[in-house]
Amino acid sequence: MSSDAWDGIEVVDAHAHANRALVPRLLATMAAENVSAAFLVAGGVVSPMELSHTIVTEGPGRDVDADNAELLEAIEGEPSLAAFCFVNPHRAAGEADRKLVEECAGIKFAPGVHGIGHLDPRVQSYVDLAAERGLPVYSHCIGNGALSVESYARLAGRNPEVTFILGHAGRGNFDLDAAQEIRGAENVLFETSGGFDFVIKNAVETLGAERVVFGSEFPIQHPRVELTKLALAVAEADLPAVLGGNIRRVTRTRKGGST
Ligand SMILES: [Zn+2]
């Protein structure tokens, strides 16, 4: 039987996607890789090709809603799974959003899907909800303008009481700027999916291991790929924090969290 560097460590996936149909495969994959809990975002809002295209071309994005309710229903009986509410900032947070957020472990923005800048007041309305409920905020930043890491760091600076997570190692595979841009915003964590191992090493050196969190981006990426990368990039002594301890620290939910 093979052994992995993460054997014996509590592994918590800070970022994966699922819908009702994907939950059984996700649970089987988690069991095979010893991932004990996962924070999910509703998937399938736009096609993989459309998402890829808007990330590469920086927009324009569109007004589309994720099926958060379907995901919440699908994971209701699974104590190892919790959801981040995938909000649509084409409208400010309303009563329906507030109700959904009450059942969630965090809030997710996807500038590549919606094309709304981080400093837009409608985005702030959801950050206000996160602040009220003590929830973290996650965003997948793109480009150099309103959707960028730099604008996300400014949003975090305006909301020091909220924990923000920078998704996908910044702008993707080889982005050393991202860690520099969030360095001064101590309430921003760095999620590692998609970044080269060199970039992850750099993030730990720049930000400290306590600000770096494992995410898989399942089903676009297999968790074993990301875990293998982290086992190579992160010192053994830092693995418990990066693989699970840090995301546990910033989440307080009945399910998938630390209580
Ligand atoms: Zn994602």
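Here's a quick rundown of the structure. Just so it is clear, the structure is predicted and the values come from calculations on it, not from any experiment.

## Some points on the overall build of the protein
Phase 1 of the analysis: For the protein, the helix and strand inventory stands at 11 helices and 8 strands.
Phase 2 of the analysis: Since a compact globule built from 259 residues should have a radius of gyration of about 18 Å, the 17 Å found for the protein is in line with a globular shape.
Phase 3 of the analysis: Projected onto the principal axes, the alpha-carbon positions of the protein cover approximately 50 × 40 × 35 Å.
Phase 4 of the analysis: In the protein, which comprises 259 residues, the share counted as buried stands at 56%.

## Details of the sheet that holds strand 2 (residues 35-42)
Phase 1 of the analysis: Pairing in this open sheet of 8 strands is parallel, and the strands run 1-2-3-4-5-6-7-8 from one edge to the other. In this open sheet, the two strands that pair with only one neighbour each are strand 1 (11-18) and strand 8 (212-213).
Phase 2 of the analysis: As paired strands, strand 2 and strand 3 (residues 81-86) are joined by 3 bridges and run parallel to one another. Bridge pairing in strand 3 links Phe-39 to Ala-82.
Phase 3 of the analysis: Packing of helix 7 (residues 149-158) onto the sheet brings it into contact with strand 5 (137-139), strand 6 (164-166) and strand 7 (188-191), and relative to strand 6 it is tilted by some 170 degrees.

## Considering the nonpolar core
Phase 1 of the analysis: By size, the foremost hydrophobic cluster in this structure holds 86 residues, and its most contacted members are Leu-40, Ile-107, Phe-164, Leu-166, Phe-190 and Leu-243.
Phase 2 of the analysis: Beyond its immediate stretch of four places on either side in the chain, Phe-164 contacts Val-127, Val-137, Tyr-152, Leu-155, Ala-156, Asn-159, Asn-187, Val-188 and Leu-189.

## Comments concerning the coordination of the zinc ion
Phase 1 of the analysis: Every protein donor of the zinc ion is accounted for by His-15 (NE2), His-17 (NE2) and Glu-217 (OE), and the metal-donor separations fall at 2.1 Å.
Phase 2 of the analysis: Positions of the donor residues of the zinc ion along the chain correspond to the pattern H-x1-H-x199-E. Within this pair, whereas His-15 is found in strand 1, its partner Glu-217 is found in the loop between strand 8 and helix 10 (223-233), the two being separated by 202 residues in sequence. Pair check on accessibility: His-15 and Glu-217 agree, each one buried.

## Comments concerning unusual backbone geometry
Phase 1 of the analysis: The peptide bond linking Phe-218 to Pro-219 adopts the cis configuration, its omega dihedral lying at 0 degrees.
Phase 2 of the analysis: Mapping Pro-219 onto the fold places it in the loop between strand 8 and helix 10.
Phase 3 of the analysis: One non-glycine residue, Asn-34, lies in the positive phi region at around 60 degrees.
Phase 4 of the analysis: Counting through the fold element by element, Asn-34 comes out in the loop between helix 1 (23-33) and strand 2.
Phase 5 of the analysis: Take Asn-34: its relative accessible area is 44%, and that puts it in the partly exposed class.
Phase 6 of the analysis: A positive phi angle, close to 65 degrees, is found at Glu-217, a residue other than glycine.
Phase 7 of the analysis: Accessibility expressed as a relative area gives 14% for Glu-217, which makes it buried.

The rules behind each value
- Residues numbered from 1 in each chain as written.
- Predicted model: local features only at pLDDT ≥ 70, side-chain atom pairs only at ≥ 80, totals over all residues.
- Heavy atoms only, no water.
- Helix = DSSP H or I, 4+ residues; strand = E, 2+ residues; numbered from the N terminus.
- Rg over C-alpha atoms; globule rule 2.2 N^0.38 Å.
- Buried < 20%, exposed > 50% of the residue type's maximum accessible area, 1.4 Å probe, protein only.
- Pairing = 2+ DSSP bridges.
- Contact = heavy atoms within 4.5 Å.
- Axes fitted to C-alpha atoms, helices over the stretch in contact; angles between N-to-C directions.
- Core = buried A, V, L, I, M, F, W, Y, C linked by side-chain atoms within 4.5 Å.
- Donors = N, O, S within 2.8 Å, 3.2 Å for Na, K, Ca; no water.

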